[in-house]
Amino acid sequence: MKYNLSNIKKSINLLNKDECIAIPTETVYGLAGNAYSDRATFQIFKLKKRPNKNPLIVHYSSLDMLANDCETNDIFYKLYRKFSPGPITFILKLKNESKISKNVTNKKKTLAIRFPSHPLAKKLLNSLNFPLAAPSANISTRISPVSKDDVLDEFGGKIKFILDGGRSKIGLESTIIDLVGKPKILRLGGLDRKKINKFFKINIKYFHKSNNMRVPGQSKLHYSPGIPIKLNVTKTNQNEAFILIKKRKKTLKNYYYLTKTKNLKQAAKNLYKTLRKIKNKNYKSISVEKIPNNGFGEVINERLKRASIK
Ligand code: TXA
Ligand code: MG
C-alpha cells in the first residue's frame, strides 16, 4: 500500500495536540495517543469505555526511546532481535524516571511495550518524539478491528481521524510475554508461541485465565459479537451463523468460511472480520465447527472461548 503523506501529516498534527486517532498495525487497529500525555491517555479509556484498571500497551519505533521508560534485560534483547518489529508485546520494568502517564499503567511498576511492523505505524512512530499508547480500537469487550471500516463500525464519528493502512495482515492481537522475572506468556496471539519455545529451546508457560491475574482483561468476556457462540458444533439450523474451516459439498447462506484450504493462519486473519460480519446480520447465535488446537488454531479457540463466556 502506498503512503498518503497528507494523512500521515494530519495524524502527526493531531497526536502532537494530544488528540487520539486510530492507527493501523499488522495485528489489529489501535486507538492511539501520546503515552506521556494524561489528556490523550484519559481520552483513550473514555472512548473505549475501558475500566481504568486495565493497563495499555505502549508502541515504540526504537530502542533509544524505550530506554527512557523501561529497564531491559538479555532475554528481551534476544527476543527483540529475533521477533521485532512484529506481533510480540513485552512486559518490562517501568523506570522511576519514566514520563509515561500514570493513566497507562494504573500504578503498576511494569509496562507492556511493542514495536509494530506495519509501515504506516512505523513511519508515524518515527515522526513523533513520544511513544504511542494504543489498545485495540474497539469498545471494551467487543471484537477488535482489522480495517478502517471496522473502526467506524465500533466508534462511528467519535474518533477524530482514522489512518487507513488497509486490512491488518495478521488479524489477531500480539502475543504477550512477561519478562519481569521468569518469562511467561500472558496472552496467545499473532506470534505462534511454538516459535518462541523453539528459539529458547524450553517450554515457556502460558498463564491463562484463572491463574493469570496480571492481565485483567483476560479473565472475562472479550472479543464478543454480542450473541451466544457455541463451539465444536457439527450441525446447525438456518437461524444461526455457522463458522467453518472445512469445505463442504454444499454451501448454505448461513455458512461462513474462515478458510477453505485448512490454512489456520488465513483462518486467524479472517476471524474478527467474520465475527463482525455475522454480528451485523440478524442471527440469533453463532455455531463454530471444531478447530484443531494447534498453532493459530489454539489462538482462534482461545478467542472464541472468551467470546462465548455468558
Ligand atoms: O496487537 C496488539 O497488541 C494490539 C495492537 C493495537 O498493538 N493492542 C492490544 O491492546 O491488543 P489491548 O489493550 O487491547 O490489550 C492489551 C493487553 C490487555 O489485556 C492488558 O491487560 C495487557 O495487555 N497489559 C497491558 N499492560 C500490562 C502489564 N503491565 N502487565 C500485564 N498485562 C498488561
Ligand atoms: Mg483489546
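Quick caveat: nothing in here was measured; it's all calculated off a predicted structure.

Draft legend 1. Expanded view of the pairing of strand S5 (residues 88-94). In terms of residue burial, S5 counts as a mostly covered element, since six of its seven residues are buried. Where strand S4 (residues 70-71) meets S5, two bridges bridge the pair, whose relative direction is antiparallel. Considered in S5, the bridge of glutamate 71 is made with lysine 93. Bridging between S5 and strand S8 (residues 175-178) involves four bridges; their strand directions are parallel. Residue threonine 89 lies in a different strand from S8, and its bridge partner there is isoleucine 176. Pairing analysis gives five bridges linking S5 to strand S6 (residues 110-114), with the strands arranged antiparallel.

Draft legend 2. Here's a closer look at empty space enclosed by the protein. Enumeration according to the criterion identifies one cavity of 30 Å³ or more in this entry. The space that makes up the largest cavity amounts to roughly 40 Å³. Among the residues forming the lining of the largest cavity, the class breakdown is three nonpolar, three polar and three charged.

Draft legend 3. Region of interest: the environment of lysine 290. Note on placement: lysine 290 falls in the loop between strand S14 (285-288) and helix H10 (296-307). Once the C-alpha coordinates of lysine 290 and arginine 276 are considered, the two residues, 14 residues apart in sequence, prove to be 20 Å apart. When neighbours within four sequence positions are excluded, lysine 290 is seen to be in contact with Asn232, Val233 and Ile245.

Draft legend 4. Examining the site of ligand 1 more closely. As a matter of local geometry, ligand 1 sits amid 26 residues, with Thr27, Asn54, His59, Ser136 and Ser174 nearest to it. The contact in question runs from an oxygen atom of ligand 1 to an N or O atom on the side chain of arginine 50, over 2.9 Å. The contact in question runs from an oxygen atom of ligand 1 to an N or O atom on the side chain of histidine 59, over 2.6 Å. The element best represented in the shell around ligand 1 is S6, accounting for three residues.

Draft legend 5. Layout of the packing of aromatic side chains. In this structure the tally under the stated criterion is ten aromatic pairs. Both rings, one in phenylalanine 242 and one in tyrosine 255, keep their centres 5.7 Å apart while their planes meet at 75°; by these two values the pair is edge-to-face. One end of the pair, phenylalanine 242, is in strand S12 (residues 240-244); the other, tyrosine 255, is in strand S13 (residues 255-257), and 13 residues separate them in sequence. As far as the burial class goes, phenylalanine 242 and tyrosine 255 line up, both buried.

Draft legend 6. Quick peek at the environment of glycine 171. Position of glycine 171 among the secondary structure elements: in the loop between helix H7 (148-155) and S8. According to the relative accessible area criterion, glycine 171 is buried, its value standing at 0%. In this structure the C-alpha to C-alpha distance between glycine 171 and asparagine 16, which are 155 residues apart in sequence, comes to 28 Å. Residues in contact with glycine 171, not counting those within four places in the same chain, are Glu26, Thr27, Val28, Val146, Ala268, Lys269 and Tyr272.

Draft legend 7. Molecular detail of the sheet that holds S13. An order of S11-S14-S12-S13 is seen for the four strands of this open sheet, with the pairing classed as parallel. Unpaired on one side and paired on the other, strand S11 (229-230) and S13 mark the two borders of the sheet. Sheet topology places S12 next to S14; four bridges connect them, and they run parallel. What sits directly across from phenylalanine 242, in S14, is serine 287. In the packing of helix H9 (residues 264-279) onto the sheet, the strands contacted are S11, S12, S13 and S14, and the crossing angle to S12 comes to about 165°.

Draft legend 8. How the structure looks around unusual backbone geometry. For the bond running from serine 84 to proline 85, omega is -5°, close enough to zero to count as cis. Tracing the sequence through the fold places proline 85 in the loop between helix H4 (74-83) and S5. The phi angle at aspartate 18 is positive, at roughly 65°, despite the residue not being glycine. Inspection of the secondary structure puts aspartate 18 in the loop between helix H1 (5-16) and strand S1 (21-23).

Draft legend 9. Spatial organisation of the side chain of aspartate 192. For aspartate 192, the position within the fold is in the loop between strand S9 (184-187) and helix H8 (193-200). Although aspartate 192 is buried, it makes no salt bridge; lysine 194 carries the closest opposite charge, 4.1 Å away. Reaching out from aspartate 192, the side chain makes a polar contact with the backbone nitrogen of lysine 194 at a distance of 3.0 Å.

The rules behind each value
Residues numbered from 1 in each chain as written. Chains lettered and ligands numbered in written order. Predicted model: local features only at pLDDT ≥ 70, side-chain atom pairs only at ≥ 80, totals over all residues. Heavy atoms only, no water. Buried < 20%, exposed > 50% of the residue type's maximum accessible area, 1.4 Å probe, protein only. Helix = DSSP H or I, 4+ residues; strand = E, 2+ residues; numbered from the N terminus. Pairing = 2+ DSSP bridges. 1 Å grid on protein atoms, 1.4 Å probe; cavity = no way out; pocket = protein on both sides within 12 Å on 5 of 7 lines; lining within 4 Å. Points joined across faces, edges and corners; volume = space filled by probe spheres on them. Nonpolar A, V, L, I, M, F, W, Y, C, P; charged D, E, K, R; others polar. Contact = heavy atoms within 4.5 Å. Near = heavy atom within 4 Å. Polar contact = N/O pair within 3.5 Å; in protein donor to acceptor, adjacent residues only side chain to side chain. Phe/Tyr/Trp six-rings, centres within 6.5 Å; stacked < 30°, edge-to-face > 60°. Axes fitted to C-alpha atoms, helices over the stretch in contact; angles between N-to-C directions. Lys, Arg positive; Asp, Glu negative; His and termini not counted. Salt bridge = Lys/Arg side-chain N within 4 Å of Asp/Glu carboxyl O.

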